[in-house]
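The primary structure of each chain is shown beneath.
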Amino acid sequence: MPVDTKAATDRLMRFLSVEGVTGQEAAIGRELTAALKESGVPAKAIRLDDANTRIPVPTETGNLIVDLPGRGALHNQPRIMFMTHMDTVPLCAGAKPKKSGRKIVNEARTALGGDNRCGCGVLVTLAAELEKQKLDHPPITLLFCVREESGLYGARHVKLDELGSPVMAFNYDGGSASNVVIGAVGADRWTVEIFGRASHAGVAPERGISATMIMALALAEVKAGGWFGKVVKGKGASARMGTSNVGPVTGGEGRPAGDATNVVTDYVHVRGECRSHDGKFFKEITKAYKAAFEKAAKKVTNAQGKSGKVKFKAETDYYPFRMKENLPVVKRAIEAVSAVGGTPNVRAANGGLDANWMVRHGIPTVTFGAGQNEAHTIDEWINLDEYDRACALAVQLATMR
């Protein structure tokens, strides 16, 4: 089904030029609303929800939701949903998109923002083509989520009754439009506060309790136990696999850990994550970190026999899922990819997706790419051939009988 690829690319360039890092999506929300209206979507069909009032970190605006009534022979078919996220990682601030042949590249030393301005371009192009070509389609919900990059918060906190009860959903977030992503990992994010005791490191180091040393011993224990990085426990078909990482190490709220080299560090704050496709195994990895920090705290004592303490907190960011390939949403996805000239690549993702929460909410969701490459790096670029295919795929998915 033909799509106006020039108009689609122009929209993408337009959206890439609007800054909207995670938690600060108000400006891109306004731009998307304007573009939707220009495409023929009535203002009354476009609204912002109040998810930002329930998100536990500062968020400028809610999710953008669009209701498209069904048309023609398919007007009374079950509702379907198309979704993406409208935030970018902070590294995208200051991006300067430039078209270069069949690519969009970046003139600035930042990430480009194709993740996920590409998805935004696909959804607006879908609305524009349905209206322009007067195509038959079932009722459709378009959902543009906030704060995907910082914890999938928009998808997590959306109210289901705002979505019109779609029977299936298609999410745009990734590289190739031929990727049919039907599963993804789950993840814990954890923090640990390590409490030591300050003392003059040159005059009376024996009176201090080093929070830094507690951290070092704990991480050494985790590494020795095989719980850091790529984690594999067991062999063969019964092996359990996952990943973990230790992120920022600070004194809390961005402060340095420790005040000076001549003071025994009395407080360290550490953040990390654990992931796995196995819903129980990423919890086991987290448990290993907790045990290591608690063990290390008891080991580090001062001359008076007092030891350090730790406060370990973990929260599940999102749950893993794997849909069966015989589900209607997966069958529709595979058929549509083939119809637009692609070779379906059914796979699972090792990163979290808004689809994790949609599936958790009871809406089976397949994720496709839209031409993004080298996301979250200063080498990011967009493949316009894949982007065009993603736009055509959305129209195909929306109009299939």
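Small disclaimer: the values here were computed from a predicted structure and weren't measured. The residue numbers shown here count from 1 along each chain, following its written sequence. Residue-level local features of this predicted model are given only where pLDDT is at least 70; pairs of side-chain atoms are given and counted only at 80 or more, and the full residue set underlies all totals for whole chains, interfaces and linings. Neither water nor hydrogens contribute to the side-chain values; these are computed over all heavy atoms in the structure.

## Focus: the packing of aromatic side chains
Remark: the centre distance and the inter-plane angle together describe each pair of aromatic rings, the angle taken between the planes.
Phase 1 of the analysis: Aromatic rings from Phe, Tyr and Trp, taking only the six-membered ring of Trp, are treated as a pair when their centres fall within 6.5 Å; an angle between ring planes under 30 degrees marks them as stacked, one over 60 as edge-to-face, and anything in between as tilted. Counted according to the given criterion, the structure contains 10 aromatic pairs.
Phase 2 of the analysis: Three or more aromatic residues joined by ring pairs make a cluster, and in this case those are Phe82, Phe170, Tyr172 and Phe368.
Phase 3 of the analysis: Lysine and arginine charges are scored as sitting over a ring when NZ or CZ, respectively, is within 6 Å of the ring centre and within 35 degrees of the ring normal. The ring of Trp227 carries the charged tip of Lys233 above its face, separated from the ring centre by 4.3 Å.
Phase 4 of the analysis: In this structure, Arg360 packs its charged tip against the face of Tyr319, placed 3.7 Å from the ring centre.

## Brief notes about the packing of helix α1 (residues 5-16) against helix α3 (residues 114-132)
Phase 1 of the analysis: Only the contacting stretch of a helix is used when fitting its axis, a line to C-alpha atoms as for every element, and angles between N-to-C directions run 0 to 180 degrees. The helix count covers DSSP runs of H or I at least four residues long, the strand count covers runs of E at least two residues long, and both are numbered beginning at the N terminus. Contact geometry of α1 with α3 gives a least axis separation of 9 Å together with a crossing angle of 135 degrees. Here α1 is positioned oblique relative to α3, judged by the angle of their axes. Of the two elements, α1 crosses α3, and the hand of that crossing is right-handed. Facing Ala8, Arg11, Leu12, Phe15 and Leu16 of α1, the residues of α3 in contact are Gly114, Arg117, Cys118, Cys120, Gly121, Val124, Thr125 and Ala128. The cut-offs work like this: below 35 degrees is roughly parallel, past 145 is roughly antiparallel, 65 to 115 is roughly perpendicular, and the gaps in between are oblique. Here a crossing is taken to be left-handed if its near helix is turned anticlockwise relative to the far helix by less than a right angle, and right-handed if that turn runs clockwise. In what follows, a contact means two residues having at least one pair of non-hydrogen atoms within 4.5 Å.

## Remarks on the domain arrangement of the chain
Phase 1 of the analysis: What marks off one domain from the next here is an automatic or database domain assignment. Per the domain assignment, the segments making up the chain are domain 1 (5-185 + 320-399) and domain 2 (187-318).
Phase 2 of the analysis: Relative placement of domain 1 and domain 2: their C-alpha centres are 37 Å apart.
Phase 3 of the analysis: Every contact between the two is made by 13 residues of domain 1 and, on the other side, 12 residues of domain 2.
Phase 4 of the analysis: The buried area of a pairing is the accessible area, by a 1.4 Å probe, that goes missing from both parts when the two are put together, added over both. Both sides together, the interface formed by domain 1 and domain 2 hides about 880 Å², and carbon and sulfur atoms give 55% of it.
Phase 5 of the analysis: On the domain 1 side of the contact with domain 2, Arg156, Val185 and Pro320 bury the most area, a combined 52% of that side's loss.

## Here we look at the UniProt feature "domain: Peptidase M20 dimerisation" (unreviewed entry) in the chain
Phase 1 of the analysis: UniProt positions are given in the numbering used here, feature names are shortened, and annotations may be inferred rather than shown by experiment. Sequence positions flagged by UniProt for "domain: Peptidase M20 dimerisation" (unreviewed entry) are, in local numbering, residues 183-299.
Phase 2 of the analysis: Secondary structure across residues 183-299 comprises 28% helix and 32% strand; the distance between its end C-alpha atoms is 41 Å.

## Some remarks on the side chain of Thr9
Phase 1 of the analysis: Positionally, Thr9 belongs in helix α1.
Phase 2 of the analysis: For Thr9, a relative accessible area of 6% translates into the label buried.
Phase 3 of the analysis: For Thr9, the residues in contact, after removing those within four places along its chain, are Lys99, Leu384, Tyr387 and Asp388. Three labels apply to residues, based on accessible area from a 1.4 Å probe with only protein chains included: buried if under 20% of the type maximum, exposed if over 50%, partly exposed otherwise in between.

## Some details on the sheet that holds strand β18 (residues 381-383)
Phase 1 of the analysis: Taken in spatial order, the four strands of this open sheet run β4-β5-β18-β17, and their pairing is antiparallel. Each having just a single partner strand, β4 (97-100) and β17 (372-373) make up the two edges of the open sheet.
Phase 2 of the analysis: Should DSSP find at least two bridges between two strands, the strands are taken to pair. Where strand β5 (residues 103-106) meets β18, two bridges bridge the pair, whose relative direction is antiparallel. Each bridged residue has a counterpart across the sheet, and for Ile104 the counterpart in β18 is Ile382.
Phase 3 of the analysis: Across the face of the sheet, helix α9 (residues 384-399) comes into contact with β4, β5 and β18 while running at roughly 55 degrees to β18.

## Details of the nonpolar core
Phase 1 of the analysis: Among buried residues, the Ala, Val, Leu, Ile, Met, Phe, Trp, Tyr and Cys ones that are joined through side-chain atoms within 4.5 Å form a nonpolar core. If you look at the biggest cluster of nonpolar residues, it comprises 69 residues, and the most contacted ones within it are Leu36, Phe82, Leu142, Phe144, Tyr172, Val366 and Phe368.
Phase 2 of the analysis: The dominant element in this core, judged by the number of residues it contributes, is α9, at 10 residues.
Phase 3 of the analysis: Those residues within four positions of Phe144 in sequence are excluded, and the remaining contacts are Leu32, Leu36, Asn63, Leu64, Val66, Thr84, Met86, Cys120, Leu123 and Val124.
Phase 4 of the analysis: Core analysis: the next-biggest nonpolar cluster, separate from the first, contains 25 residues, Ile209, Trp227, Phe281 and Ala288 among them.

## Describing the pairing of strand β2 (residues 64-68)
A regular strand places its side chains so that they alternate between the two faces of the sheet.
Phase 1 of the analysis: The element β2 is extensively covered by neighbouring structure, given that four of its five residues are classed as buried.
Phase 2 of the analysis: Strand direction decides the pairing type here: β2 and strand β6 (residues 140-145), joined by five bridges, are antiparallel. Each residue of the ladder has a partner; that of Asp67, found in β6, is Thr141.

## Some details on the pairing of β4
Phase 1 of the analysis: Here β4 pairs with β5 via four bridges, running antiparallel. Residue pairing for β5: Lys99 is matched across the bridge by Ile104.

## Focus: the UniProt feature "binding site: Zn(2+) 2" (unreviewed entry) in the chain
Phase 1 of the analysis: The UniProt record annotates "binding site: Zn(2+) 2" (unreviewed entry) at Asp115 and Glu149. For the residues just named, distributed over 35 residues, the greatest C-alpha separation is only 9.3 Å, placing them together at one site. Lining the second largest pocket, from this annotated set, are Asp115 and Glu149.
Phase 2 of the analysis: When its relative accessible area of 9% is taken as the criterion, Asp115 is described as buried.
Phase 3 of the analysis: Excluding residues that lie within four positions of it along the chain, Asp115 makes contacts with His85, Asp87, Thr88, Glu149, Asp173, Gln372, Ala375, His376 and Glu380. Cavities and pockets were defined on a 1 Å grid built from protein atoms only: a cavity is a group of points that admits a 1.4 Å probe but offers it no way out, a pocket is an open group of points flanked by protein on both sides within 12 Å along at least five of seven lines, and a lining residue is one with an atom within 4 Å of any such point.

## Looking at the pattern of salt bridges
Phase 1 of the analysis: The salt bridge definition used is simple: a Lys or Arg side-chain nitrogen within 4 Å of an Asp or Glu carboxyl oxygen. Tallied over the full model, the rule gives 21 salt bridges.
Phase 2 of the analysis: With a shortest N-O distance of 3.0 Å, Asp385 and Arg102 are connected by a salt bridge. Here the residue Asp385 occupies a position in helix α9, and Arg102 occupies one in the loop between β4 and β5, the gap between them amounting to 283 residues.
Phase 3 of the analysis: Residue Arg156 is joined to Glu315 by a salt bridge in which the shortest nitrogen-to-oxygen separation is 3.6 Å. Within this pair, whereas Arg156 is found in helix α4 (residues 153-157), its partner Glu315 is found in strand β13 (residues 309-318), the two being separated by 159 residues in sequence.
Phase 4 of the analysis: What makes Glu315 partly exposed here is its relative accessible area of 47%.

## Topic: helix α7 (residues 328-339)
Phase 1 of the analysis: Between the first and last residue of a helix there are one fewer steps than residues, each counted as 1.5 Å, and that sum is the expected span. If you check α7, its first and last C-alpha atoms are 16 Å apart, about what 12 residues at 1.5 Å a residue would give, namely 16 Å.
Phase 2 of the analysis: Taken together, the buried residues of α7 touch β3 (80-85), β7 (168-172), β8 (179-184), β16 (365-368) and α9.
Phase 3 of the analysis: After α7 finishes, the residue Gly341 shows a positive phi value of roughly 90 degrees.

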